[in-house]
Structure formats: structure tokens, C-alpha cells
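# Reading the structure
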Amino acid sequence: MLRLRRDVMLFPGGKQKAFTMSYDDGVTQDEQLITLMERYGIRGTFNLNPGLMGDNDWLVQGGTGVNHNKFSKDKIAEIYKNQEIAVHSMTHPDLTKVPVGMVSYEITECRKELEELVKHPVTGMAYPFGTWSTEVEQVAELCGITYARTTKPTYAFSLPQDFLTWHPTCHHTDEKMFELLDKFLEAINQERYMEPWLYYLWGHAYEFDSYNQWNEIERFLKTVGNREEIWYATNGEICEYINAVKSLVYSATGDYIYNPTCVDVWMQVDGKAYEIKAGETIEIEYEHR
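Residues numbered from 1 in each chain as written. Predicted model: local features only at pLDDT ≥ 70, side-chain atom pairs only at ≥ 80, totals over all residues. Heavy atoms only, no water.

Turning our eyes to something else, we now look at the layout of surface pockets. The computed volume of the largest pocket comes to approximately 330 Å³. Forming the walls of the largest pocket are 17 residues, and the residues nearest its centre are Glu84, Thr123, Thr234, Gly236 and Glu237. Among the secondary structure elements, those contributing two or more residues to the lining of the largest pocket are strand 6 (84-87) and helix 8 (235-246). For the lining of the largest pocket, the element with the most residues is helix 8, which contributes 5 residues. Within the lining of the largest pocket, the residues separate by chemical class into 5 nonpolar, 8 polar and 4 charged. The computed volume of the second largest pocket comes to approximately 220 Å³. (1 Å grid on protein atoms, 1.4 Å probe; cavity = no way out; pocket = protein on both sides within 12 Å on 5 of 7 lines; lining within 4 Å. Points joined across faces, edges and corners; volume = space filled by probe spheres on them. Helix = DSSP H or I, 4+ residues; strand = E, 2+ residues; numbered from the N terminus. Nonpolar A, V, L, I, M, F, W, Y, C, P; charged D, E, K, R; others polar.)

Along strand 10 (residues 197-203), 6 of the 7 residues are buried, which leaves the element largely enclosed by surrounding structure. Two strands pair when backbone bridges link them, and strand 2 (residues 17-24) and strand 10 are joined in this way by 7 bridges, in the parallel orientation. Bridged to Phe19 within strand 10 is Tyr199. In this sheet, strand 10 lies alongside strand 9 (residues 170-171) in parallel orientation, the contact comprising 2 bridges. Across the sheet, residue Cys170 finds its bridge partner in strand 10, namely Leu201. Between the parallel elements strand 9 and strand 10, the chain passes through helix 5 (residues 177-184) in a crossover that is right-handed. (Buried < 20%, exposed > 50% of the residue type's maximum accessible area, 1.4 Å probe, protein only. Pairing = 2+ DSSP bridges. Right-handed = clockwise from strand over helix to strand, strands pointing away.)

Quick look at the sheet that holds strand 13 (residues 256-258) now. One open sheet holds the 3 strands; their spatial order is 12-13-16, and the pairing between them is antiparallel. The strands lining the two open edges of the sheet, one partner per strand, are strand 12 (249-250) and strand 16 (281-283).

Three or more residues of helix 4 (residues 134-142) are buried, namely Val136, Glu137, Val139 and Ala140. Around the axis of helix 4, the buried residues are gathered within 165 degrees of arc, so they sit on the same side. Turned more than 90 degrees from where helix 4 packs its buried face, Thr134, Glu141 and Leu142 sit exposed. On the buried face of helix 4, the contacting elements are helix 3 (100-118) and strand 7 (124-126). A positive backbone phi angle near 95 degrees is found at Gly144, which sits one or two residues after helix 4. (Arc of directions from axis to C-beta. Contact = heavy atoms within 4.5 Å.)

Geometrically, a packed helix pair is captured by the angle between its two axes and the distance between the axes. Viewed as axis vectors pointing N to C, helix 5 and helix 7 (residues 214-224) meet at an angle of 5 degrees, and their least axial separation amounts to 11 Å. Looking at the two axes, helix 5 sits roughly parallel to helix 7. Contacts between helix 5 and helix 7 pair Met177, Phe178, Leu181 and Phe184 from the former with Glu216, Arg219, Phe220, Thr223 and Val224 from the latter. (Axes fitted to C-alpha atoms, helices over the stretch in contact; angles between N-to-C directions. Parallel < 35°, antiparallel > 145°, perpendicular 65-115°, else oblique.)

Turning to empty space enclosed by the protein, a few remarks are in order. With the rule as written, the count across this model stands at 1 cavity of 30 Å³ or more. Size it by volume and the largest cavity reaches roughly 40 Å³. Asp25, Gly26, Leu48, Asn49, Leu52, Met53, Lys70, Phe71 and Ile76 are the residues that line the largest cavity. Taken together, the residues of the lining of the largest cavity sort by class into 5 nonpolar, 2 polar and 2 charged.

One can expect most non-glycine residues to show negative phi and most peptide bonds to be in trans. With a phi angle near 65 degrees, Phe129 is a residue other than glycine that sits in the positive phi range. Along the chain, Phe129 turns up in the loop between strand 7 and helix 4. Here the phi dihedral of Asn226 falls at roughly 55 degrees; this positive angle occurs in a residue that is not glycine. Along the polypeptide, Asn226 turns up in the loop between helix 7 and strand 11 (230-232).

Let us now look at the nonpolar core. Judged by nonpolar contacts, the single largest core of 56 residues is most densely connected at Phe19, Leu33, Tyr199, Leu201, Phe220 and Leu221. Every residue in contact with Leu201, bar those within four places of it in the chain, is listed here: Phe19, Thr20, Met21, Ser22, Tyr23, Cys170, His171, His172, Met177, Ile217 and Phe220. Counting residues in each nonpolar core, the second largest holds 34 residues, with Leu159, Met267, Tyr274 and Ile284 among its members. (Core = buried A, V, L, I, M, F, W, Y, C linked by side-chain atoms within 4.5 Å.)

What follows is the structure in C-alpha cells.
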């Protein structure tokens, strides 16, 4: 009698949990946030608007006036050198309310300018205002975007079904943020383990001034950070890794798995972890029944 085999993805190092962050607008408060992130071993993605870089303005949020100043272009490579930067459009329009040609321009020109600043491909994105449509999604893909974040909370740790509509776990002002963190840090029931957990936090760094949340976010990052069991990654690294896992090639019997990508990946088969290095084939050790 054949036994049903269970193959489940693992994150790098055989880990079952990952944490990532995504912050928008390229505001000067990002520098303080990055300092905290790196203190606790956390990595994330910052979504920037080249057409607004160097602008200085002021806004009122939560009844508090805060600066909404953006870094100038000559500061970008240094400020974000240990993090990922991604597209947030050139000038931050609602892409669902402008002509298709402008959508293409806003995304493509943003990519080109960011790539010139950091000297490598930029293929990630966060939709301005979190708004998107099927048409905007299609244009983004044609412009070379491989993933795009919305602002719709899942309140869960599930992996994205569609990377071009990648919904985060929650915003950092959400009252459920710490409740979700407590759940995320609980031990996973191995008998029910079907996919790894991903906690995805997003927001704008100026909101820590608006809502006086700097102490709160540091407490959160200190709690979630520097843990052996968690993979801390940028949005782009997570997208690349999951796509590499999806590219694995199985033999007809499932006894052999080939990794055709340039990314080392991990799988759990019937409770046993396997590392499948880039370009290599492994043999699964299990009994046929």
C-alpha cells in the first residue's frame, strides 16, 4: 500500500519562520528605523520615489505635525546599503487613476533611477496608497516587477499566493501587532506543519513620530529579533527563495529532486530536512509502502 508523502518548504537553514519589513516614501526617519533594525539583526525593504527625493515638507497625522522630508539622491546608496530598496513610483500617484502609459512611466523610470543609484537591478515594488488593479498589476509585470506589496492586512503568517498582490501581515500602528507577534513566536505544531510562517510588517517611518511609537517599535524589534529559529530577509530575498523552491524538478517517483536555480533551498520530506544546493540533485531517503 502506497503511503502519502508530505513535502513541505523550509526557509534557509531549515527554518520554519521568517520575518520581513516594508517601509515607504524614503523619509529621513528611515535612518533611525534602520539603526534599530540592524541592532536586532532584522532586514527589510524600503520603497522610494526618485521624483520626490530631496523634497522637504510637513504633514499632520494623528493630530501631530511631523516632518516628511526625503533623502536626497546622493544619500540613498549609503543609507540603505544593508537593506533592499524597491519601486514606489516616481511621484506617488494612485496608479489606478492614471492612464496606462503613465503607470508604465512611473514604474519604469522609478526602476531606472533607483538602479542608477545602487548599481544593481531593482525589481520589487509597493503600490502607492496600496491601491492596485488587474491592469496595474499587468503593467507592473511587463515593466519587470517581480513582486508588489499592497496595504491589505492578512493578520496571518501565510505565504503570498500572487507576488504581484503581496498582502502584509499588518501595519505597525495596528493594535493586533503584538498579539500577532506572540502567536508567531509560539512553537509550530509539527504534526500540522504544512508551510513556513512569515510575519510581514509594513508602514512609514514618519508615523513613529506621529504616534510617538519609537519605544514601541524598538520593543517589538527586540522581541522578534536575533532569534536562531527565524530567517530575517528582505522582500526580494523571500520572493527569490520561494520562486526557487517552486522551480524544483521532481523525478517521476519523487525519489530525486533537482534544483535548477542558483539559490540553495531547503525542503522537509516526511519530517526530515533536506538542503538542495543550486544546480544539484538529491535523493530522498524514505521507505516505499
